[in-house]
Amino acid sequence: MPELPEVETVRAGLAAHVVGRTIETARVLHPRAVRRDPAGPAGFEAAMAGRLLEGAERRGKYMWLAAGNGEALLAHLGMSGQMLVGDPDRSLSPHVRVRFTFADGGPDLRFTDQRTFGHLMLVQLRAPEGASGVSPLSTPRPRGTRANREPLGGPVIVADARTPVEVASDPAPRLLPVPIAHIAPDPLERDFDAAQFSARLRRRHTGIKRALLDQSLISGIGNIYADEALWRARLHWDQPTDTLEAAEVSRLLAAVTGVLTEALMVGGTSFDSLYVNVNGQSGYFERSLEAYGRAGQPCSRCGTPIRRDSFMNRSSYSCPSCQPANLSRRVFE
DNA sequence: CGTCCTACCTGGAGGC
DNA sequence: TGCCTCCAGGTAGGAC
């Protein structure tokens, strides 16, 4: 399942293989793939033709390709989405949902998605309201209609991943796709504010895993890396967020960052392959998972069999010994 | 408003 | 062998 490390690997592959190229045609082979685009399949195809792709960016599990006019092609891989770049003459798999060809006649780009939870849409880019401090939740979400896709009146600022990040005291505002204004910064981006995350987390009245999966609080984490990070931090998935101490949140955040970074290093080994195939099935799965999917197998720290619990209509894996469920551990610490 | 629940979707695995 | 049910889970949107 594509979470932050897999999506980042795909983004890097797109930066290497399609940024700087001009789309010739876009063909929507399954309308569900563009269901969130108000222009519909025909409108999407027409709007994408002739676009120069200017940069590849990402926040959490969303990525986007700046495409001129202050707009971008926004993509979410859902459960099974892939971005495949390759010989335009190769056979078309039955799960290709959208196909882009390029004016240079080179490799094409295919959005492939067996289970169709993923989607593409053409969106407007906008500087987030309140450069810092303001919750993304307070940002209104204008609809991405054709009408407000007109070019901006002022100079158009183009988001471009190739542009070096400015560390100046007056950094240029980062442009974000309007439909993902509610998505919080992910722990690997420069804007991520650990203190603000900690404060918001501890104000919540819910379980820690539910909070980790809430993309409006912290983005990029899915079921797999949530379990892995909780295992590392020795925290139970249902520990109430309002009982967490600041030190525990710091430990958790370090675990999250560590897991995501290490997974990214493994998943990113085939960046420069022409065939950009990252669907979460990379080597990291086979070798490095400590909790996820390991029900009944011994915890690598203490040997206790990993336990599987049902949670949010899915599974949660944890070590019953290292990650005790009740709060009594506090008394004995 | 904060929190929680479910529909959406398909193919592989396992039961009988 | 074939049919059935379960399972995987990110997100939007609605319920409460």
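For every chain, the first residue of the written sequence is number 1, and numbering continues from 1 along that sequence. Lettering for chains starts from A, numbering for ligands starts from 1, and both go in the order in which the items are written. Given that this is a predicted model, residues contribute local features only at a pLDDT of at least 70 and side-chain atom pairs are listed and counted only at 80 or more, while totals for whole chains, interfaces and linings are drawn from all residues. Side-chain measures here rest on the full set of heavy atoms in the structure, leaving out hydrogens and waters.

Student: So what exactly am I meant to see when it comes to the protein's contact with DNA strand C here?
Tutor: For DNA strand C, the set of nearby residues contains 16 residues, the closest of which are His76, Met79, Arg115, Phe117 and Tyr292. Throughout, near means a residue has at least one heavy atom within 4 Å of the molecule or strand. Of all atoms in DNA strand C that approach within 4 Å of the protein, 62% are sugar or phosphate atoms. In this structure, a phosphate oxygen belonging to DNA strand C sits 2.9 Å away from a side-chain N or O atom of Tyr62. His76 is positioned such that a nitrogen or oxygen atom in its side chain is 2.4 Å from a phosphate oxygen of DNA strand C. Note on residue categories: nonpolar means Ala, Val, Leu, Ile, Met, Phe, Trp, Tyr, Cys or Pro, charged means Asp, Glu, Lys or Arg, and polar means any other residue, Gly included. Here the residues of the surface near DNA strand C sort into five nonpolar, six polar and five charged. Here a polar contact is taken to be a pair of N or O atoms separated by no more than 3.5 Å, where protein atoms must pair a possible hydrogen donor with a possible acceptor and residues adjacent in sequence count only if both atoms sit in side chains.

Student: Teacher, can you tell me more about the protein's contact with DNA strand B here?
Tutor: For DNA strand B, the full set of nearby residues is Arg32, His95, Gln114, Arg115, Thr116, Phe117, Arg204, His205, Thr206, Arg210 and Asn313. Backbone atoms, meaning sugar plus phosphate, form 74% of the atoms of DNA strand B positioned within 4 Å of the protein. Interatomic distance of 2.6 Å between a side-chain N/O atom of Thr206 and a phosphate oxygen of DNA strand B. Looking at the surface near DNA strand B, its residues break down into one nonpolar, six polar and four charged.

Student: Would you mind going over the side chain of Ser219 with me for this structure?
Tutor: Examined against the element boundaries, Ser219 turns out to sit in the loop between α4 (208–212) and α5 (223–233). Exposure classes here rest on a 1.4 Å probe applied to the protein chains alone. A residue is buried below 20% of its type maximum, exposed above 50%, and partly exposed in between. On the basis of relative accessibility, which here comes to 0%, the residue Ser219 falls in the buried class. Of the polar contacts made by the side chain of Ser219, one reaches the backbone oxygen of Ala184; its length is 2.6 Å. A polar atom in the side chain of Ser219 sits 3.4 Å from the backbone nitrogen of Asp186. Should any heavy atoms of two residues lie within 4.5 Å, those residues are counted as being in contact. Non-local contacts of Ser219, meaning those with residues more than four positions away in its chain, are made with Leu4, Arg59, Gly60, Ile183, Ala184, Pro185, Asp186 and Pro187. Where helices and strands are cited, they refer to DSSP runs of H or I of at least four residues and of E of at least two residues respectively, numbered from the N terminus.

Student: It is not clear to me how the state of the cysteines should be interpreted in this structure. Could you clarify?
Tutor: By definition, a disulfide links the sulfur atoms of two cysteines through a covalent bond. Pairs of cysteine sulfur atoms within 2.5 Å are identified as disulfides in what follows. Inspection of every chain in the model, using the stated rule, returns zero disulfides. With no disulfide of its own, Cys302 lies 3.6 Å from the sulfur of Cys319, the closest cysteine sulfur. For Cys302, a relative accessible area of 36% translates into the label partly exposed. Just so you know, Cys322 is unpaired, no disulfide at all, and the nearest cysteine sulfur is the one on Cys319, 3.7 Å from it.

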